[in-house]
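# Geometric and topological summary
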Amino acid sequence: MHTHRFLVTGGKKLEGQIKVSGSKNAALPIIAASLLTDEPVTLTNVPDIADIATMEHILHFLGVETSVEGDTMKINPKAVANVEIEHELVSKLRASILFLGPLLARNKEVRLAFPGGCVIGKRPVDAHLMAFEELGAEVLEDGDILHIKCDKLVGAKFTMTEASVTATENAIMAAVLAKGDTVIRLAACEPHVQDLCNFLNSMGAKITGIGTHKLKIKGVKKLKGTKYRITSDYLEAGTLVIAAAITGGSVDILDVNPNHLDIFWQKLREVGVIFELGEDMVRVLPSPELKAIRLQTAVFPSFPTDLQAPFATLLTQAKGTSFIFETLFDGRLQYLYELQKMGLEPRIINPYQAEITGPTKLIGASVSSCDLRAGAAVVLAALAAEGETEISNVYYIDRGYERLDEKLNSIGASIKRIK
Ligand code: EPU
């Protein structure tokens, strides 16, 4: 974990062309799912971010060889050790929980230190464990260790306790090699869940219903190696769109799948942002005036929680009072306290709801990045602010955005990284 800071000089209009990287939240489960075969897997469009490096460390810890060249990662899962994944690795990355499904399917047993709390809210693992039990596994109490065992996994029909993204991904990864058929209802269907399913099908899995809340999986005996391109990151795309809009710039954002962001486009139109959608790109143009709206998050295809903080930052520049309702996480309005230091006067009603009245003249200040998406929000605010903003805890931003400073600088921003 590094202690880099960003020094952002605000008020620069962004202009030019920029390409979105591969999706973090697709790459994480796909790397874990590579352990479901013993043949080589080649992934392309893998983002160069800290969370992916941690996933790679865990693969090495399990005795799996990897190599990375540019955005290509080669994984050779010939042998996978049956060892406890230690707390030091798990505590760096909650998504390490994604190894449960593949290791249970592959080794019939998995032991992983209990993933700790998280800055963006309490996140129980019950939904994950319930799915494994439905598929015939036994969850054992073992102090701070999650210990799950099975003789074999058997297909089953069940409903998730909630449409949890990583729990659905774990259920899918455990079910693809189970004996017989599985039906998962209330499955999460975010674009990254869809990408995991497409990846598994490219290895020979039989998953249908992809993109819906009801997945059907026909268990197969074996999965083969594959070469697969990770889908582009719709959350990064949304963040870059807001960067262009909040600075009144003209930017072409490339490698965007417009279907991943339906409600986001609707909300942008409602706010009054001018943009044109192409087949795999979006052009953001200067907008004469922005209007306040109501923004409520929910599971896909509703408005993504991961874009709530970035979008609310745009709303600081909109005329009138916007209402923000974060329905998923109880810790995801923290960035409002940082924006307060820059001159915003939000009305924080409770951990889920707030009102923002704009347009607010943002002024550079010393702020912190409290989590990945809150970090993106303060960068966006800094781009629009008058003067210089110093952002600490940039580590969180580097966990999930590939070189955000360099990318934004390439279209006219002024962000200095202080090491
Ligand atoms: N939740 C609900 N209702 C639902 C589903 C979830 O209230 O129907 C609540 C949960 O109780 C929990 C929260 O929403 O408090 C998130 O739940 P989930 O289990 O879906 O989160 P996750 O699987 O741990 C993934 C992403 C997160 C993203 C969430 C929500 C990965 C590796 N992580 O986490 O990504 O915020 O889904 O979409 O895919 C990020 O990229 O910054 C990030 C944190």
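Residues numbered from 1 in each chain as written. Predicted model: local features only at pLDDT ≥ 70, side-chain atom pairs only at ≥ 80, totals over all residues. Heavy atoms only, no water.

## Regarding the overall build of the protein chain
- Across its full length, the protein chain holds 14 helices and 23 strands.
- Taking 22 Å as the expected radius of gyration for a compact globule of 419 residues, we find that the protein chain reaches 21 Å, a close match to that expectation.
- Across the 419 residues of the protein chain, 58% fall into the buried class.
- With an accessible surface of roughly 16500 Å², the protein chain has 48% of that area assigned to carbon and sulfur atoms.
- One way to put it: in the protein chain the 45 positive side-chain charges average out to a point 4 Å from where the 50 negative ones average out. (Helix = DSSP H or I, 4+ residues; strand = E, 2+ residues; numbered from the N terminus. Rg over C-alpha atoms; globule rule 2.2 N^0.38 Å. Buried < 20%, exposed > 50% of the residue type's maximum accessible area, 1.4 Å probe, protein only. Areas by Shrake-Rupley, 256 points an atom, 1.4 Å probe, with all protein chains shown as cover. Lys, Arg positive; Asp, Glu negative; His and termini not counted. Charge placed at Lys NZ, Arg CZ, Asp CG, Glu CD.)

## Some words on the sheet that holds strand β8 (residues 145–149)
- Across the sheet, 3 strands lie side by side as β6-β8-β7; this open sheet has antiparallel pairing. Edge positions in the sheet fall to β6 (109–113) and β7 (138–142), since each has one partner strand and no second. Adjacent strand axes in the sheet meet at a mean angle of 20° when their direction is disregarded.
- Note: β6 against β8, 5 bridges, orientation antiparallel. Looking at the pairing, L112 lines up with L146 of β8.
- Against the sheet, helix α4 (residues 100–107) engages β6 and β8, with an angle of about 150° to β6. (Pairing = 2+ DSSP bridges. Axes fitted to C-alpha atoms, helices over the stretch in contact; angles between N-to-C directions. Contact = heavy atoms within 4.5 Å.)

## A few points about the sheet that holds strand β23 (residues 414–418)
- The mixed open sheet is built from 4 strands, whose spatial order is β21-β22-β1-β23. Among the strands making up the open sheet, the edge pair consists of β21 (366–368) and β23. The average undirected angle you get between the axes of adjacent strands in this sheet is 25°.
- Here 3 bridges tie β21 to strand β22 (residues 388–392), and the two strands are oriented parallel to one another. Counted as the bridge partner of S366 is E390 from β22.
- Running at roughly 170° to β22, helix α12 (residues 372–384) makes contact with β1 (5–9), β21, β22 and β23 of the sheet.

## Digging into α12
- Here α12 is 13 residues long and its end C-alpha atoms lie 19 Å apart, about the 18 Å a rise of 1.5 Å per residue gives.
- The element α12 is largely enclosed, with a buried count of 12 among its 13 residues.
- Burial in α12 covers these residues: L372, R373, A374, G375, A376, A377, V378, V379, L380, A381, A382 and L383.
- The N-terminus of α12 is capped by D371, whose side-chain oxygen sits 2.9 Å from the backbone nitrogen of R373. (Expected span 1.5 Å × (residues − 1). Polar contact = N/O pair within 3.5 Å; in protein donor to acceptor, adjacent residues only side chain to side chain.)

## Digging into the pairing of β1
- Bridge count for β1 against β23 is 5 bridges, and the pairing is antiparallel. By the bridge assignment, T9 is partnered in β23 with S414.
- Of the strand pairs in this sheet, β1 and β22 are connected by 4 bridges, and their pairing is antiparallel. Paired with V8 across the bridge in β22 is T389.

## Brief notes about the site of the ligand
- Close to the ligand lie 20 residues; S164, V165, T166, D306 and R373 are nearest.
- In this structure, an oxygen atom belonging to the ligand sits 2.9 Å away from a side-chain N or O atom of K24.
- Side-chain polar atom of R332 to an oxygen atom of the ligand: 3.4 Å apart, as the coordinates give it.
- Here the ligand loses 84% of its free accessible area of 820 Å² to cover by the protein chains.
- Going through the elements one at a time, α1 (24–33), α6 (165–175) and α12 are the ones with two or more residues in the shell around the ligand. (Near = heavy atom within 4 Å.)

## Quick look at the domain arrangement of the protein chain
- Split by domain assignment, the protein chain resolves into domain 1 (5–21 + 232–418) and domain 2 (24–229).
- For domain 1 and domain 2, the distance between their C-alpha centroids amounts to 30 Å.
- Listed as interface residues are 26 residues of domain 1 and, on the opposing side, 24 residues of domain 2.
- Summed over both sides, the interface of domain 1 with domain 2 buries roughly 1900 Å², with 51% coming from carbon and sulfur.
- Area buried by domain 1 at its contact with domain 2 is led by F300, F329 and R399, which between them contribute 30% of it. (Domains from an automatic or database assignment. Buried area = accessible area lost by both parts, 1.4 Å probe.)

## A few points about the pairing of strand β4 (residues 65–69)
- Of the pairings in the sheet, the one linking β4 to strand β5 (residues 72–76) comprises 5 bridges and is antiparallel in character. Across the sheet, the residue bridging to S67 is K74, located in β5.
- Here β4 hands over to β5 after 2 residues, with G70 in that stretch at a positive phi of 60°.

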